[in-house]
Amino acid sequence: MQTSFHRIKLAIAASAVALLGLAMAACGSSESTGTSSAGGDSSKTLQVAFNSGLATIDPAFACDRSEYTVIRALYDQLVQSKPAADSKSGADVEPMLAKSWKTSKDGTTTTFELRDDVKFASGNPVTADDVVFSLNRGIDKEACANYVITAGLPDNFQSVKKLGPTTVQVVQKKPDPLFMESIASRASSIIDSKLLKQHGGLSAKGDDWLASHGAGSGAYTLDTYRPDSEINLTATPDYWQGEQANSGVSIKIVTDPTTLETLTKSGQSNLVLGLTPKTARQLEDSGTKIASDPSQFTTYFGMNNTKPPLDNVKVRQALAAVVPAKAISDQFGYGFSAPFVGPIPPAMDYYPDLPLPEPDVEKGKQLIEESGVSNPSFQVDIENGESTHADIATVLQDAFKQIGVDMQIKTLGSASFTDRVYNFKSDSYIIDDGPTINDPGYFLGYLVRCGDAFNWAPYCNKSVDQKLEQARFSLSSEERAELYRQVSDQVISDAPYVSIWAKDNIVALPGGTTGYQYYTDQIPRLNAIGAG
């Protein structure tokens, strides 16, 4: 995967006071649970607050939930996932732009028949040419969408071709149980190819244009795009899937946690993403509606396996031995987290449910002695604004001191943090991460597979890769469970990462918000949410 990682995230620098001033112009209130039905006043604008800005709204390059949320609003896909409450698995999809599909007996070929009555915002009809263009572009750009569309198996994708004006065929070398889920993802959004060609097409000029413009057939069109402060969307008239629950969406970017809390308390936002567990608990205790759902997203401590002293497995094992995961969760999770051990989180299929070890200082000291490293010292990188990560780093720092290891904490701006972690410059780091497709094969395929661009350790164990490959295509759930347990055991032993906790997906719904439902990709469907 040859992606330009500096494009994935940008440093978001905005005045908290100015942002609050922007927010004060909004009005709205809400009330809902995680599974409320659509309703509310569709003439009202939905007020939304994100805790981080956007780098791009190009479906091929987007890598962040804030970006995904806007893309879901602007674009349609061939198929769509159901809400978690209505779905047995993420592969449980229903028609969207594709009104039907057929899969060959061997599972390698899927033929989609498109609706013939959908138009892009430009007025151009959605055709098979647009589908072929969009899927191939997402794969060929070799950025985040490449991994998502192919579900981590780009070599398994053989062809995407047009069979007729409304017929598209996708051929894979081997049948992949994650295929339909990947086609339902925001990475597989269908782009108005005629419009994009007018603005540079597949060139860098086209990429730059699509990074800040919409070219979809979705429930909204883009009015204002200021990725570090505000984004405004207008509901598409006569949207083919039905009337939206609001007249438009106003998104404010609020990077300051205190300002975000104030905005939520005041009820000036109907949907708030990015609250810390502490803030969410305080708000819920004071009467604000909080929707929380166990998720596959985790917080972990990553160690660069190529930089001393963390290139020494004994040092990494020593650090893992003294991490007080349960105490961290008890102190900073506020009931919205679950500590666990290994790479597979509890909300994911094939979670092996391994016992969480107690911190063992004597074992840690012994491993440091066995490592042969004298006075080990390294730096942990923390992203500015991630206050919970800073708290966790302080606890780890104290734990490591007990075994004679000095860890310095370095807080970095978004751009510097991203550059250091994504380009393998960090000694270690604390980060939130998780897959949009809730499957261990997909997740571990980038977290621990040798050479993957998103394996930031970078960790490599060929036996792990072999087991992952075997599990991915196995038709036996028992075999897959056993293989993923073996992978978990090996990764725990090699200790490239230490899982801190699995964090609930937390969304604040102040006032009378209606229609919010949880999806396993953690992207709210804005067209179903009413301002109350």
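The rules behind each value
Residues numbered from 1 in each chain as written. Predicted model: local features only at pLDDT ≥ 70, side-chain atom pairs only at ≥ 80, totals over all residues. Heavy atoms only, no water. Helix = DSSP H or I, 4+ residues; strand = E, 2+ residues; numbered from the N terminus. Rg over C-alpha atoms; globule rule 2.2 N^0.38 Å. Buried < 20%, exposed > 50% of the residue type's maximum accessible area, 1.4 Å probe, protein only. Contact = heavy atoms within 4.5 Å. Areas by Shrake-Rupley, 256 points an atom, 1.4 Å probe, with all protein chains shown as cover. Lys, Arg positive; Asp, Glu negative; His and termini not counted. Charge placed at Lys NZ, Arg CZ, Asp CG, Glu CD. Phe/Tyr/Trp six-rings, centres within 6.5 Å; stacked < 30°, edge-to-face > 60°. Lys NZ or Arg CZ within 6 Å of the ring centre and 35° of its normal. Pairing = 2+ DSSP bridges. Core = buried A, V, L, I, M, F, W, Y, C linked by side-chain atoms within 4.5 Å. Disulfide = S-S within 2.5 Å. Right-handed = clockwise from strand over helix to strand, strands pointing away. Axes fitted to C-alpha atoms, helices over the stretch in contact; angles between N-to-C directions. Salt bridge = Lys/Arg side-chain N within 4 Å of Asp/Glu carboxyl O. pLDDT = per-residue confidence, 0-100.

Enquirer: Quick rundown of the overall build of the protein chain? Include the residues and the values.
Expert: Counting its secondary structure elements, the protein chain contains 17 helices and 19 strands. Relative to its length of 532 residues, the protein chain is compact, with a C-alpha radius of gyration of 23 Å against a globular reference of 24 Å. In terms of its C-alpha atoms, the protein chain occupies a principal-axis envelope of roughly 70 × 55 × 40 Å. Within the protein chain, the proportion of its 532 residues that are buried is 57%. Within the protein chain, counting contacts between residues at least 6 apart in sequence, those at least 24 apart form 73% of the total. As displayed, the protein chain has an accessible area near 20400 Å², and 48% of this comes from carbon and sulfur atoms. Treating the 46 positive side-chain charges of the protein chain as one cloud and the 63 negative ones as another, the clouds have centres 4 Å apart.

Enquirer: Provide a residue-level description of the packing of aromatic side chains, including the pertinent values.
Expert: One pass over the full model with this rule turns up 17 aromatic pairs. Through pairs of rings, three or more aromatic residues link up here, namely Tyr147, Tyr422, Tyr442, Phe443, Tyr446, Phe454 and Trp456. Seen from the ring of Phe473, Lys174 lies directly overhead, with NZ or CZ sitting 4.8 Å from the centre. The positively charged end of Arg525 is found above the aromatic ring belonging to Tyr519, 3.8 Å away from the centroid.

Enquirer: Any chance you could break down the pairing of strand E19 (residues 505-508) for me, citing the residues and the numbers?
Expert: Where burial is concerned, the two faces of E19 agree: the one with Asn505 and Val507 and the one with Ile506 and Ala508 are both buried. Taken together, the two bridges between strand E11 (residues 271-273) and E19 define a ladder with antiparallel strand orientation. Paired with Val272 across the strands is Ala508, a residue of E19.

Enquirer: Give a description of the nonpolar core that names residues and reports values.
Expert: Nonpolar side chains tend to gather and get buried jointly when the protein is soluble and globular. Formed by 105 residues in total, the largest nonpolar core has its most connected members in Leu78, Phe112, Leu271, Leu444, Val448 and Leu526. With six residues, the single largest contributor to this core is helix H3 (residues 128-140). Filtering out sequence-adjacent residues up to four positions away, Leu78 remains in contact with Pro95, Met96, Leu97, Ala98, Phe112, Leu114, Val131, Leu135, Ile183 and Ile190.

Enquirer: Outline the state of the cysteines, listing residues and values.
Expert: For the structure on display, the rule yields two disulfides. Shown here is the disulfide that connects Cys63 with Cys144, its sulfur atoms set 1.4 Å apart. One quick way to see it: the torsion about the S-S bond of Cys63 and Cys144 is about 105°, and its sign makes the bridge right-handed. Taken together, the positions of Cys63 in the loop between strand E1 (45-50) and helix H2 (65-74) and Cys144 in helix H4 (residues 144-149) put the pair 81 residues apart, joining distant regions of the chain. The pair Cys63 / Cys144 is uniform in exposure class, with both members buried. Between Cys450 and Cys460 runs a disulfide, and the two sulfur atoms are separated by 2.0 Å.

Enquirer: Could you give an account of unusual backbone geometry, naming the residues involved and the relevant values?
Expert: Cis geometry marks the peptide bond from Pro308 to Pro309, where omega comes out at -5°. Considering the arrangement of structural elements, one finds Pro309 in the loop between strand E13 (298-303) and helix H10 (313-321). In this structure, Pro458 follows Ala457 across a cis peptide bond, with omega equal to -25°. For Asp238, which is not a glycine, the phi torsion comes out positive at approximately 55°. By secondary structure assignment, the location of Asp238 is in the loop between strand E9 (230-235) and strand E10 (248-253). What makes Asp238 exposed here is its relative accessible area of 79%. With a phi angle near 55°, Asp353 is a residue other than glycine that sits in the positive phi range.

Enquirer: So what's going on with the pairing of strand E16 (residues 406-412)? Residues and values would help.
Expert: Put simply, side chains in a regular strand alternate between the two faces of the sheet. In this structure, strand E15 (residues 377-383) lies alongside E16, joined through seven bridges in parallel fashion. What sits directly across from Phe378, in E16, is Met407. Note that the unit made of E15, helix H13 (residues 387-401) and E16 has a crossover that is right-handed.

Enquirer: Hey, could you go over the sheet that holds E10 for me, with residue numbers and the actual values?
Expert: The strand order across the open sheet built from seven strands is E8-E9-E10-E1-E11-E19-E12, with neighbouring strands paired in mixed fashion. The sheet is open, and its two edges are formed by strand E8 (220-226) and strand E12 (290-293), each paired on a single side. Averaged over all neighbouring strand pairs, the angle between strand axes comes to 20°, with direction disregarded. In the sheet, E9 pairs with E10 via five bridges, with the strands oriented antiparallel. Bridge pairing links Leu233 to Val249 in E10.

Enquirer: Before we move on, could you go through the environment of Gly242 and cite the residues and values that matter?
Expert: Topologically, Gly242 is positioned in the loop between E9 and E10. For the pair Gly242 and Val491, spaced 249 residues apart in sequence, the C-alpha separation works out to 47 Å.

Enquirer: Tell me about the pattern of salt bridges, and please be specific about residues and values.
Expert: Following the criterion strictly, the structure yields 22 salt bridges and no others. Where Glu230 meets Arg226, a salt bridge forms, and the shortest distance between an N and an O atom there is 2.7 Å. Using a relative accessible area of 12% as the deciding quantity, one classes Glu230 as buried. According to the relative accessible area criterion, Arg226 is partly exposed, its value standing at 43%. Connected through salt bridges with shared partners, the residues Asp58, Arg137, Lys141 and Asp207 form a single ionic network.

Enquirer: Go over the confidence of the model for the protein chain with me, naming the residues and quoting the values.
Expert: For the protein chain, per-residue confidence averages 90 on the pLDDT scale, and residues scoring 70 or more make up 92% of the total. Note that pLDDT drops below 50 for residues 1-38; the model gives that stretch 112 contacts with residues more than four away or on any other chain.

Enquirer: Explain the side chain of Thr167 residue by residue, including any values.
Expert: Of note, Thr167 is situated in strand E7 (residues 167-172). Overall, Thr167 belongs to the buried group, its relative accessible area being 15%. Excluding residues that lie within four positions of it along the chain, Thr167 makes contacts with Thr111, Phe112, Glu113, Ala128, Lys161 and Lys162.

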